[in-house]
Amino acid sequence: MASECQGKSSWPELLGAQARVAVATIETENPYVDTQVVLEGTIVTGEFSCTRVRVWIDSNRIVTRVPIIG
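In this report, we go over the structure that sits alongside the text. Residues take numbers from 1 onward in each chain, read along the sequence in its written order. Local features in a predicted model are, by the rule used here, given only for residues with pLDDT of at least 70; side-chain atom pairs are given and counted only at 80 or more, and totals for whole chains, interfaces and linings are based on all residues. To obtain the side-chain values, all non-hydrogen atoms of the structure were included, while hydrogens and water were left out.

## Side note on the pattern of salt bridges
Here comes step 1: Salt bridges are identified by distance alone: a Lys or Arg side-chain nitrogen within 4 Å of an Asp or Glu carboxyl oxygen. For the structure on display, the rule yields four salt bridges.
Here comes step 2: Lys8 serves as the salt-bridge partner of Glu13, at 2.8 Å between the closest nitrogen and oxygen.
Here comes step 3: The structure contains a network of salt bridges with shared partners spanning Lys8, Glu13 and Glu29.

## Here's the deal with the side chain of Thr35
Here comes step 1: Only DSSP runs of H or I with at least four residues qualify as helices, and only runs of E with at least two residues qualify as strands; both kinds are numbered from the N terminus onward. Positionally, Thr35 belongs in strand β1 (residues 34-39).
Here comes step 2: Thr35 gets classed as buried once you look at its relative accessible area, which sits at 18%.
Here comes step 3: Throughout this description, a polar contact denotes any pair of N or O atoms lying within 3.5 Å of each other; where both atoms belong to protein, one of them has to be capable of donating a hydrogen while the other can accept it, and for residues adjacent in sequence the pair is counted only when both atoms sit in side chains. Among the polar contacts made by the side chain of Thr35, one reaches the side chain of Glu27 at a distance of 2.8 Å.
Here comes step 4: Contacts are assigned to residue pairs with any non-hydrogen atoms lying within 4.5 Å of each other. Beyond its immediate sequence surroundings of up to four residues, Thr35 is in contact with Val23, Ile26, Glu27, Val53 and Val55. Between buried and exposed lies partly exposed: a residue is buried under 20% and exposed over 50% of the maximum accessible area for its type, with that area taken using a 1.4 Å probe on protein chains only.

## As for a nonpolar patch on the surface
Here comes step 1: Each patch is assembled from residues with relative accessible area greater than 30% and no salt bridge, linking like charges that lie within 9 Å and nonpolar side chains (Val, Leu, Ile, Met, Phe, Trp, Tyr) that lie within 5 Å. Accessible surface is estimated by sampling points in the Shrake-Rupley manner with a 1.4 Å probe; for residues, cover comes only from the protein chains shown. A contiguous nonpolar patch, built from Leu15, Val66 and Ile68 and spanning about 240 Å² of accessible area, is present on the exposed surface.
Here comes step 2: Here Val66 falls in the partly exposed class, since its relative accessible area comes to 34%.

## Looking at the pairing of strand β2 (residues 52-57)
Here comes step 1: Of all the six residues making up β2, six are buried; the element is thus mostly covered by neighbouring parts of the structure.
Here comes step 2: Residues Arg52, Arg54 and Trp56 of β2 are buried on one face, and the alternating residues Val53, Val55 and Ile57, pointing to the opposite face, are buried as well.
Here comes step 3: In the sheet, β1 pairs with β2 via six bridges, with the strands oriented parallel. Paired with Gln36 across the bridge in β2 is Arg54. For two strands to be treated as a pair, DSSP must find at least two bridges joining them.

Structure representation (structure tokens):
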């Protein structure tokens, strides 16, 4: 599905980064998406969206999963 979406779709280089850095990088590199910062363990909906990137973080606001469109 990500191939149908516009712009960059994955940011493996942000794994371990601070949340604020990840959000700024993602929104700069792909203006077609909005970011959602989500604390690990939070329940989220499962539907796919080309305009969303979830940035999963721990309690120290460190990115814990590779951010991808979805």
